[in-house]
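Structure at a glance
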Amino acid sequence: MEHINYVVLVGNLTRDPEQRPVGSSQVTKFSLAINGIKPEDVCFLDITCWGELANKAAMLQKGQQVTVVGRLKQDTWQDKMSGEQRSRMNVVASEVCV
């Protein structure tokens, strides 16, 4: 069986995007709130955009509704204070549409 990692999300930006240079490219990050059926079912996901898409995403604004197409990526790191292993789910975007 083939494995597929593909997501399509529609939600609202919870904050203005943050853009910074990485090597010769750009990365833009923002957080997306996706409403569930019940008000308490809101899901918050971090979105990462690279290259030309990062430049486009940097123009978005808090509260704006967008559709994000991309793939899930689990980030892991060791907490500097406690030494514990931490992880979080992130979406690496391939498209962002207003």
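Preceding this section is the structure that the text describes.
As a starting point, this report considers the structure included with it. (Residues numbered from 1 in each chain as written. Predicted model: local features only at pLDDT ≥ 70, side-chain atom pairs only at ≥ 80, totals over all residues. Heavy atoms only, no water.)

What the rule picks out here adds up to five salt bridges. Across the salt bridge formed by K73 and D75, the nearest N and O atoms sit 2.8 Å from each other. Take K73: its relative accessible area is 36%, and that puts it in the partly exposed class. Note that E84 and R86 form a salt bridge whose closest N and O atoms lie 4.0 Å from each other. On the basis of relative accessible area, E84 is assigned to the partly exposed category, the value being 44%. Judged by relative accessible area, which is 34%, R86 ranks as partly exposed. (Salt bridge = Lys/Arg side-chain N within 4 Å of Asp/Glu carboxyl O. Buried < 20%, exposed > 50% of the residue type's maximum accessible area, 1.4 Å probe, protein only.)

Glancing now at the nonpolar core. By size, the foremost hydrophobic cluster in this structure holds 18 residues, and its most contacted members are L9, F30, L32, I47, C49, V68 and V96. Those elements that provide at least two residues to this core are β1 (7-13), β3 (25-34), β4 (43-50), α1 (51-57), β5 (65-78) and β6 (85-97). Not counting chain neighbours up to four residues away, the residues in contact with I47 comprise L9, T28, K29, F30, L32, V68, N90, V91 and A93. (Core = buried A, V, L, I, M, F, W, Y, C linked by side-chain atoms within 4.5 Å. Helix = DSSP H or I, 4+ residues; strand = E, 2+ residues; numbered from the N terminus. Contact = heavy atoms within 4.5 Å.)

What follows is about the pairing of β3. Within a regular beta strand, the side chains point alternately toward one face of the sheet and then the other, so they alternate between its two faces. The element β3 is largely enclosed, with a buried count of seven among its 10 residues. With two bridges connecting them, β1 and β3 associate as antiparallel partners. Bridge pairing in β3 links L13 to L32. Two successive antiparallel strands, strand β2 (residues 18-22) and β3, enclose a turn made up of two residues, where G23 displays a positive phi of approximately 65°. Bridging between β3 and β4 involves eight bridges; their strand directions are antiparallel. For T28, the partnering residue across the bridge sits in β4 and is C49. (Pairing = 2+ DSSP bridges.)

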